[in-house]
Amino acid sequence: MYPDENRDLRKRAAPLDMSPEEFRRLGYTFVDKVVDLLAEIRSRPVTPGESPTSVRNALGDAPLPPEGFAAEDALARAWELLSAHSLLNGHPRFSGYVTSPAAPVGILGDLMAAAVNPNAGAWILSPMATEIESQTIRWIAEFLGYPADCGGLLVSGGNMANFIGFLAARRAKSARNIRAEGVEPGKLVAYVSTETHTWIHKAADLFGLGTNSIRWIPVDGKFRMRTDDLVSTIENDRAAGLIPFFLSGSAGTVSTGAVDPLEELAEIARRYDLWFHVDGAYGAPAAALPGASAHLKALSQADSLAVDPHKWLYAPLEAGCALVRDRRRLFDTFDYSPPYYRFDANEDEKPLNYYSYGPQNSRGFRALKVWLGLMTAGREGLIQMIGDDIALARTLFREIRNHPELEAFTQSLSITTFRYVPLGMSRDDPENTEYLNRLNQVLLDRLQAGGEAFLSNAVIKGRFALRSCIVNFRTTLTDVEQIPQIVLALGRQADAELRAGL
Ligand SMILES: Cc1ncc(COP(=O)(O)O)c(C=O)c1O
């Protein structure tokens, strides 16, 4: 029975503790396995393409073991399961979604962060970790051309980083004391383009406005927000007595990488006293490139900006980052200091307590892996990797455009969209749309299960498209040249089978 008063706690042996010798031995063994995986990643399938049932069966349904296993056996089992049954987003031919490989230095950073285990909620619990996070925020801002004296913090990813901007805006722009009284039903209105990522659904829903408060502004032929429609919608809402409060532009939309006319959006936000947010979760790092467009660079004018180190800064998951021009806005949104908090004791020098600047209380040391990546690559190294990704994406687009069986749709930043069209079939005949959509869906299912490469999808004006998003420092020209070949082989086979009614 526990607690057992008779146990000799002078010689405590905890099942989760580990002797230094054992830690050293298991650690070295584990590092060797990681090194082998990374060394052979190119020759492995991107994914085993198994069904959920077969993966669940591989894991088994054993109950919680009554007695623990040796750590060595548990680690060996975990590695065996993960290395055989995982999608490897660090594979050179993974260009689905917006997930980068984990920079090796970031992998080591996560180990170091867990070893020290600071709680980056309060400075006193994480002195150097908090300072490193603060420097990371400054470095990211400097890199993107955002004011380096901004506020900001690391969060779990793009959704959370966008939520931070949304919450700061909700607090700053609502007339009532929203923290005490909550939102006034049906009053606050947010403006985004129809191409905006689904984080906005969750934000409007979770933070009390409801999804009806979202105004979905149409896009132009290049998938950028139409500013004439934006202005007329704001005018109509104001005339109806509503409170326009939030305008979000995208610096790289999730489907096609389109960049909204951010300079114009900034001006419209100023004119109508809206909070100007930029979702740069994917594309913001491209603003650092020497040839970046004025529109992309205008993300510097945002009141808040979301950027994802686990996307185009190549940090291991999870690492998102929210930057807010005026740091006091974050404090006004998130600070609560109940009497049992004693984290401001130093009267001479107020410490930075991240619990006051974000929604979390206890916080891990996400910043370390990001800081290490920034420190290792430096500004020039980052520009080189991002620039190479874009150059490869453009090459892919050209290869596709030159091929009679492939139809290229869009190319922006490092995203390329296209589809397979069998020889002799008209691309423009609306009668073929349904068949081509079905054909490309079957093709993509097979491609994703096959393991040779991994792409994702987009819908381009009603047409189902294959989508490649290269945020991958392992991808080479050879990989990019293989993608059309893989798609063609699968497309021809799927077309033959669909026509034969198989
Ligand atoms: C433009 C954009 N915003 C937000 C997100 C959400 O990011 P996360 O998946 O890290 O929450 C994504 C994800 O791909 C994205 O591309």
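Residues numbered from 1 in each chain as written. Predicted model: local features only at pLDDT ≥ 70, side-chain atom pairs only at ≥ 80, totals over all residues.

Enquirer: Any chance you could explain the sheet that holds strand E8 (residues 406–412) here in plain terms?
Expert: Sheets are built from strands that pair by backbone hydrogen bonding, the pairs being arranged parallel or antiparallel. With antiparallel pairing, the four strands of this open sheet are ordered in space as E8-E9-E11-E10. The sheet is open, and its two borders are formed by E8 and strand E10 (456–460), each paired with just one other strand. Taken over all neighbouring pairs, the strand axes of this sheet differ in orientation by 35° on average, direction set aside. In terms of strand pairing, strand E9 (residues 415–420) meets strand E11 (residues 463–469) through four bridges, oriented antiparallel. For Thr417, the partnering residue across the bridge sits in E11 and is Arg467. (Pairing = 2+ DSSP bridges. Helix = DSSP H or I, 4+ residues; strand = E, 2+ residues; numbered from the N terminus. Axes fitted to C-alpha atoms, helices over the stretch in contact; angles between N-to-C directions.)

Enquirer: What am I meant to see in the packing of helix H14 (residues 367–401) against helix H16 (residues 477–499) here?
Expert: Two packed helices can be described by the angle between their axes and the distance between those axes. Relative orientation of the contacting elements H14 and H16 amounts to 30°, with a least axis distance of 10 Å. Between H14 and H16, the angle is such that the two are roughly parallel. The way H14 lies across H16 gives a crossing that is right-handed. Residues Leu392, Thr395, Leu396, Glu399 and Ile400 of H14 lie in contact with H16, whose contacting residues are Leu477, Val480, Glu481, Ile483 and Pro484. (Parallel < 35°, antiparallel > 145°, perpendicular 65-115°, else oblique. Left-handed = near helix turned anticlockwise from the far one by under 90°. Contact = placed C-beta atoms within 7 Å.)

Enquirer: What am I meant to see in the environment of Leu436 here?
Expert: If you trace the backbone, Leu436 turns up in helix H15 (residues 433–450). The exposure class of Leu436 is buried, given the 22 C-beta atoms found within 10 Å. Not counting residues within four places of it along the chain, the set of residues in contact with Leu436 comprises Arg419, Val421 and Arg463. (Buried ≥ 20, exposed ≤ 12 C-beta atoms within 10 Å, placed from the backbone.)

Enquirer: Could you clarify how one ought to interpret the domain arrangement of the protein in this entry?
Expert: Think of interface size as the accessible area that goes away when the parts come together; that is how it is often given. Once the domains are mapped, the protein shows domain 1 (118–364) and domain 2 (379–499). The C-alpha centroid of domain 2 is placed 32 Å from the C-alpha centroid of domain 1. With 15 residues of domain 1 at the interface, the matching set in domain 2 holds 16 residues. By residue class, the composition of the side of domain 1 that touches domain 2 is nine nonpolar, five polar and one charged. (Domains from an automatic or database assignment. Nonpolar A, V, L, I, M, F, W, Y, C, P; charged D, E, K, R; others polar.)

Enquirer: I would appreciate a short explanation of the site of the ligand in the present structure.
Expert: Residues in contact with the ligand amount to 15 residues; listed here are only the nearest, Gly157, Gly158, Asn159, Val254 and Ala281. It is helix H6 (residues 158–173) that contributes the most residues to the shell around the ligand, three residues altogether. Classifying every residue of the shell around the ligand by side-chain character gives five nonpolar, eight polar and two charged. (Near = placed C-beta within 6 Å.)

Enquirer: When you look at the sheet that holds strand E1 (residues 151–155) in this model, what are you seeing that I'm missing?
Expert: Here seven strands make up an open sheet; going across it, the order is E1-E7-E6-E5-E4-E2-E3 and the pairing mixed. For this open sheet the edge positions go to E1 and strand E3 (214–217), each flanked by a neighbour on one side alone. Averaged over neighbouring strand pairs, the angle between their axes works out to 20° when direction is ignored. In terms of strand pairing, strand E2 (residues 188–193) meets E3 through four bridges, oriented parallel. Across the sheet, the residue bridging to Ala190 is Ile214, located in E3.

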